[in-house]
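Structural overview for review
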Amino acid sequence: MKNLLLGFSLAANVALAYLVLQDKDQLKELQSRADNAVDKVAGKAQQIKGTLTGDVSAKAKGDLQEGRGEAKDIVDDMKAEFEA
């Protein structure tokens with residue numbers, strides 16, 4: 001799971017480096033979306049871990065982390081609509 005998250009992080013960093021040369025606004029948006037995706041994936045991984053081990057606390061923490069990523073996506077979508 002760590003390798004998956006590191007892979008996402010690496011891909012996001014490569015994309016961010018490219019966008020730095022292109023457009024600062026797009027860079028911020030992409031970085032935010034990548035952070036949200038990492039929250040969702042890490043939350044899902046923690047949910048699975050909690051389910052497999054029977055740890056209700058870990059599953060709940062995973063639910064919260066995944067929800068945080070989804071909520072941040074909604075906020076980003078709303079910002080984009082207001083700016084358009």
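Residues numbered from 1 in each chain as written. Predicted model: local features only at pLDDT ≥ 70, side-chain atom pairs only at ≥ 80, totals over all residues. Heavy atoms only, no water.

1. Observations concerning helix H3 (residues 56–83)
- The first and last C-alpha atoms of H3 sit 41 Å apart over 28 residues, in line with the 40 Å expected at 1.5 Å per residue.
- Inspection of H3 places Ala58, Gly62, Gln65, Glu66, Gly69, Asp73 and Asp76 among the buried residues, and these make up the whole buried set.
- With a side-chain oxygen lying 3.1 Å from the backbone nitrogen of Ser57, the N-terminal cap of H3 falls on Asp55. (Helix = DSSP H or I, 4+ residues; strand = E, 2+ residues; numbered from the N terminus. Expected span 1.5 Å × (residues − 1). Buried < 20%, exposed > 50% of the residue type's maximum accessible area, 1.4 Å probe, protein only. Polar contact = N/O pair within 3.5 Å; in protein donor to acceptor, adjacent residues only side chain to side chain.)

2. Comments concerning helix H2 (residues 24–53)
- Look at H2: 43 Å from first C-alpha to last across 30 residues, which is about the 44 Å you get at 1.5 Å a residue.
- Within the sequence span of H2, burial applies to Leu27, Ala34, Asn36, Asp39, Ala42, Gly43, Ala45, Gln47 and Gly50.
- Looking one or two residues past H2, Gly54 carries a phi angle of roughly 80°, positive in sign.

3. Re the side chain of Asp39
- Its place among the elements puts Asp39 in helix H2.
- In this structure the side chain of Asp39 is engaged in a polar contact, spanning 2.7 Å, whose partner is the side chain of Lys72.
- Non-local contacts of Asp39, meaning those with residues more than four positions away in its chain, are made with Gln65, Glu66, Arg68, Gly69 and Lys72. (Contact = heavy atoms within 4.5 Å.)

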